[in-house]
Structure formats: structure tokens, C-alpha cells
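Secondary and tertiary structure notes
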There are 2 protein chains.
Amino acid sequence: MNREISFYQYLTPEEQDLLDRSMQQVPCRKSQVVHRHGDSCVGLIFVRKGRLAFSILSEEGREITVFRIEKGESCILSAACVLQSLEFESHITAEVNSEIAILPAPTLSQLMNSNPDVERLVYKQAVIQYSGVLRTMQQIIFLSLEKRLATFLLEESQRRQSPSFSATHEQIARYIGSSREVVTRMLNQFAGRGIVSLGRGTVTVLDPEALEDVLM
Amino acid sequence: MNREISFYQYLTPEEQDLLDRSMQQVPCRKSQVVHRHGDSCVGLIFVRKGRLAFSILSEEGREITVFRIEKGESCILSAACVLQSLEFESHITAEVNSEIAILPAPTLSQLMNSNPDVERLVYKQAVIQYSGVLRTMQQIIFLSLEKRLATFLLEESQRRQSPSFSATHEQIARYIGSSREVVTRMLNQFAGRGIVSLGRGTVTVLDPEALEDVLM
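Residues numbered from 1 in each chain as written. Chains lettered and ligands numbered in written order. Predicted model: local features only at pLDDT ≥ 70, side-chain atom pairs only at ≥ 80, totals over all residues. Heavy atoms only, no water.

**Brief notes about the pattern of salt bridges**
Definition in use: A pair is scored as a salt bridge if a Lys or Arg side-chain nitrogen falls within 4 Å of a carboxyl oxygen belonging to Asp or Glu. Runs of E in the DSSP output that reach at least two residues are strands. Runs of H or I that reach at least four are helices, and both are numbered from the N terminus. Relative accessibility decides the category of a residue: with a 1.4 Å probe and only protein chains considered, values under 20% of the type maximum give buried, values over 50% give exposed, and everything between is partly exposed.
Tallied over the entire structure, the rule returns 24 salt bridges over all chains. Where Glu95 of chain A meets Arg68 of chain A, a salt bridge forms, and the shortest distance between an N and an O atom there is 3.7 Å. Of the two residues, Glu95 of chain A is situated in the loop between strand 7 (90-94) and strand 8 (98-104) and Arg68 of chain A in strand 5 (residues 63-70); the sequence distance between them amounts to 27 residues. The exposure class of Glu95 of chain A is buried, given its relative accessible area of 15%. Classification of Arg68 of chain A as buried rests on a relative accessible area of 17%. Close ionic contact of Lys124 of chain A with Glu119 of chain B constitutes a salt bridge, the shortest N to O distance being 3.3 Å. With Lys124 of chain A in helix 3 (residues 116-142) and Glu119 of chain B in helix 3 (residues 116-142), this residue pair bridges two chains. For Lys124 of chain A, a relative accessible area of 24% corresponds to the partly exposed category. A network of salt bridges, in which partner residues are shared, links Arg51, Arg68, Glu70, Glu95, Glu156, Arg159 and Arg160 of chain A.

This is how it looks when you write it as C-alpha cells:
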């Protein structure tokens, strides 16, 4: 199963063996914290089943989810120490019951040093994930809350390929960096204008064009 | 002089020749805009003389400098299209009279495709520069303006290895993402508490420990 890791095919048989022996399997229950800021640098996290949320945390504990790691994907920003780059206050949580595999930081570091292809692919992935973080931060700095909510609703319905999806107001607040109360108020406004309909823990986008108009 | 570019030594003689022929020399006067958002993806920018500022721009035109490129350094985020990553509203300006060399995006792309070492070093550099952007954005999101000003004053005096440095209130406002008026007010407060002294276009840090206290 480690073959799914992007650089696996570039490893020598010895390096593959080292990776296979080092990977640690970790089952995670929904809402479990996989990595908490202040923990030592964990390494590469690979999601075998389920889904993780990667969040940043403010001093006051406000949590903002900046990207998600789906089944078959991995997270490299949890190995910031190996990248000799910024370690920021991050938090990784299982969004659903999940199974993950962790390649510990020292082994990852060893593979990056011995194999330039590993280094190349790891940095490439880090650039993509940093882009995701930046995009979210830029939205927080420069977009109004209403625009951030519209962006989230449009992207989420596209991502799920369905106008209806399950999400609590608390979760949505985390994605757009606001509070549950503010999200509830804005969603009710959108519902009043016929843009969305709200169910128990679900949101249905009725009028995506109206959401596009919010973004104008 | 192209030897100073991080991946130059990894190029074949043919690739070195291609790079040497492609590099475009551009003199820039102080305050000149080297790259404006909306311009096509420029490529790798190498600073031969002087200093550039890399800024992000809000919809309302608020400008925030996220990192600087000093003599002998290069900027890769001006080649976001080549990295297949986020192109964000960025703005590159000469802080002083400068001389830069640009490796155009198509040539950079060609070298990255033909030479994995180029790809590796380019992505590595992008990770480092993205970290700088993230760090600034995180400060903007999570730190108070006063803490951002204290951070700027401490870092700037360390970077210049002198308690005294030249910076207008307008420039400082750009570094911390605020307005000139707010910076002037906060600097006057710091001056009143004996933390800094202010001259014509210069700031002198008198009490770095008091600035550290602000960050507590």
C-alpha cells in the first residue's frame, strides 16, 4: 500500500524496505487530534482511509481549517522541520473515522538526503500545500466574511458534486475563520433570500449564481 | 555572474548556454514597479544589485510587503505559473536603485523539465519563500498591530545589525499591513515610553527588551 506514496517508485529496493519498516499505522476516530501544535515534528502523514483537516490556530485558540487531506493523499506540512521551513501553529484532526500511516521525520529526512528524487517530490508537494494555506489566509485577510461563506458553499458543492452536503455551522465557522453564531446568522440570511436551504446538519445550495453574484 | 543562481552548477553546458542567452538584464530605479499583478508570469528574478520588495495587494489596493529580495538572492514566486501553484495578487518593487536579471518563465520551465536538479532546487526555494509569506500573513491574522510593529522593529534592527535604521512611516505601514496614520500614532506612543527615538526618516530602538515585553 506504500506504493501510493508519490516518491515510492523512485526509491531503491533498500530505501523501499526502510520505508516499509518505518511506516507507522495509526487508527483515528472522528474528531481525534492527530497532531497538536507543540508536539514534535511528526513527519509525512498518509491517509489510507477517511479524511483529515489541517488547521491553523490563533493565540486565542481560534481554529481555521486551511486544507483537507483525503484518502490516498498525504500531508507534508506536518514535516516542516524536515523542510527547514516554517513550523506554524498547526493542528491536524480526523474529520471522520480514519486510518493513517506516518513516515517519521527522521526517516523522511534520511530518504530526502539519500535520494534527490524524494527531495524534489517532497518540496513540490509542499509548494502545492503551502499554496492552499496561502489562498485561505489571503481570503481571510482580504475577503469579507460573506464572500468567504459564498466561496466555501460553492467549492464544497463542487467538490462533493452535489448541491447538498453535510456540514455543521461550527465546522463551516472553522473553514471561514469565524464563529458559529456569525455563520448561523449569515446562513439564515442566505436562506431567507432563497440561496440555500438548511436541514439538520446539512446545507443545500439552491442558487449557485446568486452566490457567484456575492463574489462580484 | 549567472553562476550565483542556485542551480547553475547542475546545468549541462548546453543548458548553461541557454540560460546565459535567455537572462534579461533590467535596470530599475528606486520605487519602480518590476512586476504588477495581472502582468503575465514573469519568471525567476535575480537581484544583481540593490533590493526588491515582494508585496501582496488587497482588492482595495492596500499593500503589504511580505519579504525582500536582497543582492545575490532570487525570487521564485514571480514564476508561480511554472510551479503550477497559486498565483496571487503580488507586486514587486525596487526599494533602492537596483539591477536585476530575469530568467523568463518559458526557459525556466524548459530547464525544470529537462533537469530534475533544477526542479528540486526551484521547489525548495519556493518552499522557503512561501514560508516567509505565510509567516507574515499569520502575524496579520493573529497578532495585534502593536505586536506586529514591535516584531518589525526588533527584526529590522537585528537584520541591519544596528539599533538605528532608515524607514518612513509609510514603508513601515506596508510591512505590518496598516496605514501611515496608525504607524505614526503607535511610534509616537513608543517614543513617549522611551522605547524608540524618531528622527527624519529614521527609527532608533532604545529599549529592545521593552519591545520583547510587548510580544509577551
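**Focus on the state of the cysteines**
Structurally, a disulfide amounts to a covalent bond that connects the sulfur atoms of two cysteines. The line we're drawing: Only a pair of cysteine sulfur atoms within 2.5 Å qualifies as a disulfide here.
In this structure the tally under the stated criterion is 2 disulfides over all chains. Across the disulfide from Cys41 of chain A sits Cys81 of chain A; the S-S distance is 1.9 Å. Taking the torsion about the sulfur-sulfur bond, which here is approximately -80°, the covalent link between Cys41 of chain A and Cys81 of chain A counts as left-handed. Of this pair, Cys41 of chain A sits in the loop between strand 2 (33-35) and strand 3 (43-49) while Cys81 of chain A sits in the loop between strand 6 (74-75) and strand 7; the two residues are 40 residues apart in sequence, bridging distant segments of the chain. Residue class for Cys41 of chain A comes out buried when judged on its relative accessible area of 18%. The thiol of Cys28 of chain B is unpaired, and the distance to the nearest cysteine sulfur, on Cys75 of chain B, comes to 13 Å. Between Cys75 of chain B, a free cysteine, and Cys41 of chain B, which holds the nearest cysteine sulfur, the sulfur-to-sulfur gap is 11 Å.

**Brief notes about the UniProt feature "domain: HTH crp-type" (unreviewed entry) in chain A**
So the rule is basically this: UniProt positions are given in the numbering used here, feature names are shortened, and annotations may be inferred rather than shown by experiment.
Per the UniProt record, the feature "domain: HTH crp-type" (unreviewed entry) sits at residues 143-209 of chain A. From the first C-alpha to the last, residues 143-209 of chain A spans 19 Å; its make-up is 57% helix and 16% strand.

**Some details on the packing of helix 4 (residues 145-159) of chain A against helix 5 (residues 169-176) of chain A**
Residue and element names in this part refer to chain A. Which entries qualify depends on this criterion: With axes taken as lines fitted to C-alpha atoms, and helix axes fitted only over the stretch in contact, angles between N-to-C directions fall between 0 and 180 degrees. If an angle is under 35 degrees, it is roughly parallel; if it is over 145, roughly antiparallel; if it lies from 65 to 115, roughly perpendicular; otherwise it is oblique. A clockwise turn of the near helix away from the far one marks a right-handed crossing, whereas an anticlockwise turn of less than a right angle marks a left-handed crossing. Note on contacts: a residue pair qualifies if any of its non-hydrogen atoms lie within 4.5 Å across the two residues. Note on residue categories: nonpolar means Ala, Val, Leu, Ile, Met, Phe, Trp, Tyr, Cys or Pro, charged means Asp, Glu, Lys or Arg, and polar means any other residue, Gly included.
Close contact between helix 4 and helix 5 brings their axes to 10 Å; oriented N to C, the two are set at 110°. Here helix 5 runs roughly perpendicular to helix 4, going by the angle between their axes. Crossing angle aside, the handedness with which helix 4 passes helix 5 is right-handed. Residues Leu145, Arg148, Leu149 and Phe152 of helix 4 form the contact with helix 5, whose participating residues are Ile172, Tyr175 and Ile176. For the contact of helix 4 with helix 5, a count of residues per class yields 6 nonpolar, no polar and 1 charged.

**Considerations on unusual backbone geometry**
With the exception of glycine, the majority of residues adopt a negative phi angle, and the majority of peptide bonds are in the trans configuration. Residue and element names in this part refer to chain A. Residue Ser31 is not a glycine yet carries a positive backbone phi of 75°. Residue position: Ser31 is located in the loop between strand 1 (24-28) and strand 2. Residue classification places Ser31 among the exposed positions, given a relative accessible area of 52%. The phi dihedral of Gln161 falls on the positive side, at around 50°, and the residue is not glycine.

**Notes on the sheet that holds strand 9 (residues 164-166) of chain B**
All names here are of chain B. Spelled out, the test is: By definition, two strands form a pair when at least two bridges between them are found by DSSP.
Spatially, 9-11-10 is the arrangement adopted by the 3 strands of the open sheet, whose pairing is antiparallel. The sheet is open, and its two edges are formed by strand 9 and strand 10 (196-199), each paired on a single side. With direction set aside, neighbouring strand axes in the sheet form an average angle of 20°.

**Quick notes on helix 1 (residues 13-22) of chain A**
Residues and elements named next belong to chain A. Condition: This arc describes the spread of directions from the helix axis toward the C-beta atoms.
Taken residue by residue, helix 1 has Glu15, Gln16, Leu18, Leu19 and Ser22 as its buried positions. On an axial view of helix 1, the arc spanned by its buried residues comes to 160°, and they lie on one face. Among the exposed residues of helix 1, those pointing more than 90 degrees away from its buried face are Pro13, Glu14 and Arg21.

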